[in-house]
Amino acid sequence: MSRTLLVAGCLAGLLLTGCAGPSQMQKTASSSSFPDDYRRVVAPSFPVLDAKGAPISNPFYGGFNAPRPQFVDIDGDEDSDLFVQKRPGQIAFFEHVTEGDTSRLVWRTDNYRDLDIGEWYRFADLDQDGVPDLLTEQPYSHLRAYRNVGTATDAEFELFTDTLRTVVGEPIFSDRQNIPNVTDLGCNGKLDLFLGRLDGTITRYEAARDSAGMPKFAHVTDNFEGIKIVGGTGKKGPSLHGANTLTFADVDGDGDSDLFWGDFFEPGLLLIENTGSCSNPILS
């Protein structure tokens, strides 16, 4: 009886040892096979092709769900680099790289310069020194401004103010789901700040320079040009308006800026033509 127990105990010991041995070996092999940290690779060293054999740029980036893009020449090489916000608080940066006769956008980072941007961002030359500064959302629904204290080829952003204020000291409020814009619409050397509102109207401020070169804005109107953007859902019921963004560009080449408006409830991009002139804009 005792001999049987002894043999059984030995067999059990061998089985336990056998089970533990490979596990320990696997653990050792695993720890030696994988590095302690990982580096993200968006564009691998090997080609990734689509079904037609064409190479795919940045194949492992993962795509976008609700991107907020802006093109701006951030490195002074006379081509437009791409910035994209795909999550609150961070901007992804894709550098425009030219190689011979071809060019491509190369992913560099998902968190450009570790800048905290809240729910939106907008590059604009706020102090008009030839390099882009940055407006972002200051939670909740105020405007934060970063000044570019670097150069055209080496941008460096420094917090100018966490709450942009008017010339009389009142904080400027912007609905956090709406992206404002800054431009010299009247061609008078003074920047205008435009804020799209949830009711479909546009608020306009005009800038006066302070001693640091960064602007302070004076309130002009909450009903710019009488514009009111009201969208529909395609179904019976009340018209709707909501999250929006706006920008200005001379789309018809007549020397003045036209207005583009994107709205959550609009199926496409809206264009409001400037029928006036650069010094006397008329948008209606």
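Presented here is an overview of the structure given in this document. (Residues numbered from 1 in each chain as written. Predicted model: local features only at pLDDT ≥ 70, side-chain atom pairs only at ≥ 80, totals over all residues. Heavy atoms only, no water.)

The next thing to look at is the pairing of strand β13 (residues 244–249). A one-sided burial pattern is seen for β13, the buried positions being Asn244, Leu246 and Phe248 and the unburied ones Thr245, Thr247 and Ala249. Inspection of the sheet shows β13 paired to strand β14 (residues 258–263) by six bridges, in the antiparallel sense. Bridging from a neighbouring strand, Asn244 pairs with Asp263 of β14. (Buried < 20%, exposed > 50% of the residue type's maximum accessible area, 1.4 Å probe, protein only. Helix = DSSP H or I, 4+ residues; strand = E, 2+ residues; numbered from the N terminus. Pairing = 2+ DSSP bridges.)

Looking at the secondary structure, you find Val168 in the loop between β8 (157–161) and β9 (181–183). What makes Val168 exposed here is its relative accessible area of 64%. Spatially, the C-alpha atoms of Val168 and Ala218 are 7.9 Å apart, while their sequence positions differ by 50 residues.

A few words on the side chain of Asp75. Assignment of secondary structure puts Asp75 in the loop between β1 (68–72) and β2 (81–87). Despite its burial, Asp75 pairs with no opposite charge; the closest candidate is Arg108, at 7.7 Å N-O. With sequence-adjacent residues up to four places away left out, Asp75 is seen in contact with Asp81, Glu95, Ala152 and Thr153. (Lys, Arg positive; Asp, Glu negative; His and termini not counted. Salt bridge = Lys/Arg side-chain N within 4 Å of Asp/Glu carboxyl O. Contact = heavy atoms within 4.5 Å.)

Strands in a sheet are paired, the pairing made by backbone hydrogen bonds, and the direction either parallel or antiparallel. Read across the sheet, three strands follow the order β13-β14-β15 without closing on themselves; strand pairing throughout is antiparallel. Sheet topology places β13 and β15 (270–272) at the edges, where each strand pairs with a single neighbour. Neighbouring strand axes in the sheet, compared pairwise and without regard to direction, differ in orientation by 25 degrees on average. (Axes fitted to C-alpha atoms, helices over the stretch in contact; angles between N-to-C directions.)

Here the focus is the sheet that holds β1. Spatial ordering of the open sheet is given by β1-β2-β3-β4, a layout of four strands whose pairing is antiparallel. The open sheet is flanked by β1 and β4 (102–109), the only strands paired with a single partner. When strand polarity is set aside, the average angle formed by the axes of neighbouring strands in this sheet is 25 degrees. As paired elements, β2 and strand β3 (residues 90–99) share four bridges and run antiparallel to each other. The residue bridging Leu82 from the neighbouring strand is Phe94, located in β3.

Opposite charge on two side chains makes pairing possible when the charged atoms of those side chains draw close. Per the stated rule, a full pass over the model turns up 11 salt bridges. Notably, a salt bridge pairs Arg40 with Asp110, separated by 2.4 Å at the nearest N-O pair. Taken together, the positions of Arg40 in the loop between α1 (2–33) and β1 and Asp110 in the loop between β4 and β5 (121–124) put the pair 70 residues apart, joining distant regions of the chain. Look at Arg40 and you get partly exposed, because its relative accessible area is 37%.

Looking now at the nonpolar core. Ranked by size, the top nonpolar core spans 17 residues in total, and within it Leu135, Leu143, Ile172, Leu193 and Phe217 carry the most contacts. Going through the elements one at a time, β7 (142–148), β10 (192–196) and β11 (202–209) are the ones with two or more residues in this core. A domain split of this core shows at least three residues from each of domain 1 (67–164) and domain 2 (176–283). In this view, Leu193 contacts Leu135, Leu143, Ile172, Pro180, Asn181, Val182, Thr203, Arg204, Tyr205 and Phe217; residues no more than four positions away in its chain are not counted. (Core = buried A, V, L, I, M, F, W, Y, C linked by side-chain atoms within 4.5 Å. Domains from an automatic or database assignment.)

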